[in-house]
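# Descriptive analysis of the structure
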Amino acid sequence: MAKGNPKESRMRSSTSIIIVIGLCCFFYILGAWQRSGFGKGDSIAEKITKQTDCTVVPSLNFETHHSSDSEVGVTVDESETKVKEIKPCPAKYTDYTPCHDQKRAMTFPREGMVYRERHCPPEEEKLHCLIPAPKGYATPFPWPKSRDYVHFANAPYKSLTVEKAIQNWVHYEGSVFRFPGGGTQFPQGADAYINQIASVIPIKNGTVRTVLDTGCGVASFGAYLLKKNVIAMSFAPRDNHEAQVQFALERGVPAIVAVFGTIKLPYPTRSFDMAHCSRCLIPWGANDGMYMMEVDRVLRPGGYWVLSGPPINWKNNYISWQRPKEDLQEEQRKIEKIAKRLCWEKKSEKGETAIWRKSINADACRGRDESQETMCEATDTTDVWYKKIDKCITPYPEVSSQSEVAGGQLKPFPERLHAIPPRIASGSVPGVSVEDYLEDNKLWKKHVNAYKRINKLLDSGRYRNIMDMNAGLGSFAAAIDSPKLWVMNVMPNIAEKDTLGVIYERGLIGIYHDWCEAFSTYPRTYDLIHANGVFSLYQDKCSAEDILLEMDRILRPEGTVIFRDEVEVLIKVKKIISGMRWNTRISDHEDGPQVPEKILVVVKQYWTVGGNNSTSSE
């Protein structure tokens, strides 16, 4: 083999070094761009980026081999090379939630809360424009300050401060909202309320890690659980309060726009260690206990259900609740009856809070005659996307003894994060072995280490709300795990392997979703989005432009996206992005330029309605 020209080799090496330093310093500059609450340089990010070591990472080569299609051997029709500029949407769309649009919602029946469910616009009604940030938008305060303070400009809605004034939910104070941690059912504060629950439920030792908070309000319950290393998936409808879920996400707390209606919750069977309702106004006793049956489906064997507020302790509260005591008595009778049918044992009733525990298996479920009950057909129901809630009881997985936990015993958190999940150990996830799981963890540790080398802000606290659009086994979230951040693990409903149950067994949270539709969240609710193989997965399903516009909608100004995909796919994606207000860098895989998988990193520009930095129309 002929030796290369030493001079050319030195030149190539020097070029690579310059490009490596250039990309590293791209993120240095990024830190200076990121804004504080008043549009000034983000002092935290600036401090961090001043410490950034803009040195060469020997294992990485960021040379922009892929700046044009011809350079990577891809043939493209020159007539298709013109970049399409995507314009800003009008100012009225600053808080647009496509699948929860108020005007569209009012055309659907109110019975069963159908009008509050997901109703996405047809193709001809989709917006093909960039959702603008409101004038004065500011980067949220870093956690944990964000738990207590939100910039008024980011969610300028005061109705909750009036309606919930005496309940200590939220106060308007000049340029910010302050969240004291109160709630309708915990006037003494979320900490005192959680401590009361923890006297019955083992919250402090890692046994309870994942919680479903139904009708969450501004998610103060979930916000204060995080101190206990417990993570809640909170949801509330988009209603006349305008911004409950928006406030939750601005605070840095996981939440989605959703409602208990006629459709199954977008979570797999046996997901949560605990479910919670604090005066969530859900008619638990109605429809033959349908909603309690759905909670039972997603509740892990041995899990807990907490109900605070009406009808609990109705004898002492019916006057203050302005409800006939006969109605409240009947409502509680129905709940108690349904709980017994579900084999939930009542563990406590104190004040206005009652706690039940689900049996650990069917053998431990004494007194239930399954021949007299309507049992669901499958033991591991995962086909839930847009499926109607069944009026049936989800059966337990089989066990070999009365003391065995159906579906497998989980280790306490954080040990369970990297332990072998029971669904993997039992072989119940087709095509995923224990060896596959261990290798996946190892691979994503390497990937995340590479991400951290090119973006020093990744674990600095600058990124709080993170989304993984194609989460797989949850190994990205496990590798990036930090008290400074949380990850919404999304399982595409068209994914080859459904592993969302595994993600929950690891003590992480996630949701089913179809990326051909909008996500159930407000605009500007995520700081960083990770898109691994998303565009390869959806390339024959729907428009890449639609997916990118949805990513732009939910990404905060100066937020970051990390794409990981085949080079041909990223070239097409990068072309669309060129017409958006995103800054981009494409780089090689950390194992070198010969690997066909590449990394595209983008930063959304800061621009708002009506300002000099915006071309959006009023």
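Residues numbered from 1 in each chain as written. Predicted model: local features only at pLDDT ≥ 70, side-chain atom pairs only at ≥ 80, totals over all residues. Heavy atoms only, no water.

Heads up, the condition is: UniProt positions are given in the numbering used here, feature names are shortened, and annotations may be inferred rather than shown by experiment.
As recorded in an unreviewed UniProt entry, the protein goes by Methyltransferase and comes from Papaver somniferum. Taken directly from UniProt, the Sequence similarities (unreviewed entry) text for the protein runs: "Belongs to the methyltransferase superfamily."

## Details of the sheet that holds strand β6 (residues 255-257)
The line we're drawing: Strand pairing is assigned whenever DSSP detects at least two bridges linking the two strands. Strands are runs of DSSP state E lasting at least two residues, helices are runs of H or I lasting at least four, and both sets are numbered from the N terminus onward. A fitted line through C-alpha atoms serves as each axis, taken over the contacting stretch for helices, and the angle formed by two N-to-C directions is quoted from 0 to 180°.
Spatial ordering of the open sheet is given by β6-β5-β4-β7-β8-β10-β9, a layout of 7 strands whose pairing is mixed. The open sheet terminates on both sides in strands that have one partner only, identified here as β6 and β9 (344-350). Adjacent strand axes in the sheet meet at a mean angle of 20° when their direction is disregarded. The pairing of strand β4 (residues 210-214) with strand β7 (residues 272-278) spans 4 bridges and is parallel. Following the sheet pairing, T214 is matched in β7 by C277.

## Comments concerning the pattern of salt bridges
Formally: The term salt bridge refers to a side-chain nitrogen of Lys or Arg lying within 4 Å of a carboxyl oxygen of Asp or Glu. Between buried and exposed lies partly exposed: a residue is buried under 20% and exposed over 50% of the maximum accessible area for its type, with that area taken using a 1.4 Å probe on protein chains only.
Scanning all chains against the criterion turns up 34 salt bridges. Across the pair K84 and E545 runs a salt bridge, and its minimum N-O distance is 3.1 Å. Residue K84 is located in the loop between α2 (43-50) and α3 (102-105), and its partner E545 is located in helix α17 (residues 544-554); the two are separated by 461 residues in the primary sequence. With relative accessibility at 13%, the residue E545 sits in the buried group. Among the salt bridges present, the one from R423 reaches E505, with a minimum N-O distance of 3.0 Å.

## Examining the layout of surface pockets
What counts here: Only protein atoms enter the 1 Å grid used here. Points where a 1.4 Å probe fits but cannot escape make up a cavity, open sets with protein on both sides within 12 Å along at least five of seven lines make up a pocket, and a residue lines them when an atom lies within 4 Å of a point. Grid points are joined across faces, edges and corners, and a volume is the space filled by probe spheres set on the points. When residues are sorted by character, Ala, Val, Leu, Ile, Met, Phe, Trp, Tyr, Cys and Pro go into the nonpolar class, Asp, Glu, Lys and Arg into the charged class, and all the rest, Gly among them, into the polar class.
For the second largest pocket, the calculated volume is near 530 Å³. Along the wall of the second largest pocket there are 24 residues; nearest its centre are D440, N470, G472, L473 and N532. Contributing elements (two or more residues each) for the lining of the second largest pocket: α13 (434-454), α14 (475-479) and β14 (526-532). Top element by residues in the lining of the second largest pocket is α13. It accounts for 5 residues. Residues of the lining of the second largest pocket, tallied by class, amount to 9 nonpolar, 8 polar and 7 charged.

## Quick word on the pairing of β9
Looking at chain direction, β9 and strand β10 (residues 353-358) are connected through 6 bridges and run antiparallel. Looking at the pairing, K350 lines up with T353 of β10.

## Re the environment of Y463
Worth spelling out the cut-off: Under the rule applied, a polar contact is a pair of N or O atoms within 3.5 Å (in protein, one hydrogen donor and one hydrogen acceptor; residues adjacent in sequence only if both atoms are side-chain atoms).
By the element assignment, Y463 lies in the loop between α13 and β11 (465-468). Residues Y463 and W143 lie 320 residues apart in sequence; the distance between their C-alpha atoms is 9.4 Å. At a separation of 3.1 Å, a polar atom in the side chain of Y463 contacts the side chain of N455.

## What about unusual backbone geometry?
Residue P311 is reached from P310 by a cis peptide bond, and omega for that bond is 5°. With respect to the element layout, P311 can be found in the loop between β8 (299-308) and α10 (314-317). Here F413 and P414 are connected by a cis peptide whose omega angle stands at 15°. Assignment of secondary structure puts P414 in the loop between β10 and α12 (422-425). Positioned with a positive phi, R270 is a non-glycine residue whose angle comes to about 60°.

## Structural notes on the side chain of R147
Counted only if it meets this: We call two residues contacting when some pair of their heavy atoms lies within 4.5 Å.
Relative to the helices and strands, R147 resides in helix α4 (residues 145-148). The exposure class assigned to R147 is buried, which follows from its relative accessible area of 15%. Those residues in contact with R147 that lie beyond four places of it in its chain are F179, A223, Y224, K227 and R251.

## Focus: the nonpolar core
Just so we agree on the cut-off: Side-chain atoms within 4.5 Å are what join buried Ala, Val, Leu, Ile, Met, Phe, Trp, Tyr and Cys residues into a set we call a nonpolar core.
Y267, W284, W305, M551 and F563 are the most contacted members of the largest nonpolar core, which totals 128 residues. Of the residues forming this core, the biggest block, 6 residues, is contributed by helix α9 (residues 290-298). With residues up to four places along the chain from it excluded, the contact list for W305 reads A275, H276, W284, M292, V295, I335, W344, A354, I355 and W356. Membership of the second largest hydrophobic core comes to 9 residues, among which are V150, A155, F177 and A243.

## Some remarks on the sheet that holds strand β3 (residues 176-178)
Strand order in the open sheet made by the 3 strands is β1-β3-β2, with antiparallel pairing throughout. Strands at the two margins of the open sheet, each flanked by one partner only, are β1 (149-151) and β2 (171-173). Here the strands of the sheet are splayed against their neighbours by 30° on average, with no regard to which way each runs. Sheet topology note: the β2/β3 ladder contains 3 bridges and is antiparallel. Bridge pairing in β3 links H171 to R178.

## Here's the deal with empty space enclosed by the protein
Evaluated as defined, the whole model comprises 5 cavities of 30 Å³ or more. Each pocket or cavity is described by its volume, and for the largest cavity that value is around 50 Å³. Around the largest cavity, the lining comprises 11 residues; the ones closest to its centre are R270, K358, T394, P395 and Y396.

## Things to note about the state of the cysteines
The line we're drawing: Disulfides are defined in this document as cysteine sulfur pairs within 2.5 Å.
Counted according to the given criterion, the structure contains 6 disulfides. Note that C99 is cross-linked by a disulfide to C120, the S-S spacing being 2.0 Å. An S-S torsion of about 110° defines the bridge between C99 and C120 as right-handed. Of this pair, C99 sits in the loop between α2 and α3 while C120 is found in the loop between α3 and α4, placing the two residues 21 residues apart along the sequence. The class of C120 is partly exposed, set by a relative accessible area of 23%. Here C516 is linked by a disulfide to C542, with a sulfur-sulfur distance of 2.2 Å. Taking the torsion about the S-S bond as the criterion, the C516 to C542 disulfide, at about -90°, is left-handed. One end of the pair, C516, is in the loop between β13 (509-513) and β14; the other, C542, is in the loop between α16 (534-537) and α17, with 26 residues separating them in the sequence. Owing to a relative accessible area of 21%, C516 belongs among the partly exposed residues under this scheme.

## Some thoughts on the packing of α17 against helix α18 (residues 567-577)
Stated formally: Every angle not falling under 35 degrees, over 145, or within 65 to 115 is termed oblique; those three ranges are roughly parallel, roughly antiparallel and roughly perpendicular. Here a crossing is called left-handed whenever its near helix is offset anticlockwise from the far helix by less than a right angle, and right-handed whenever the offset is clockwise.
Where α17 meets α18, the closest approach of the two axes is 10 Å, and the angle between their N-to-C directions is 60°. Taken together, the axes of α17 and α18 are oblique relative to one another. Note that α17 runs across α18; the crossing there is right-handed. Of the residues in α18, those in contact with A544, E545 and L548 of α17 are V573, I576 and I577. Residues that form the contact of α17 with α18 fall into these classes: 5 nonpolar, no polar and 1 charged.

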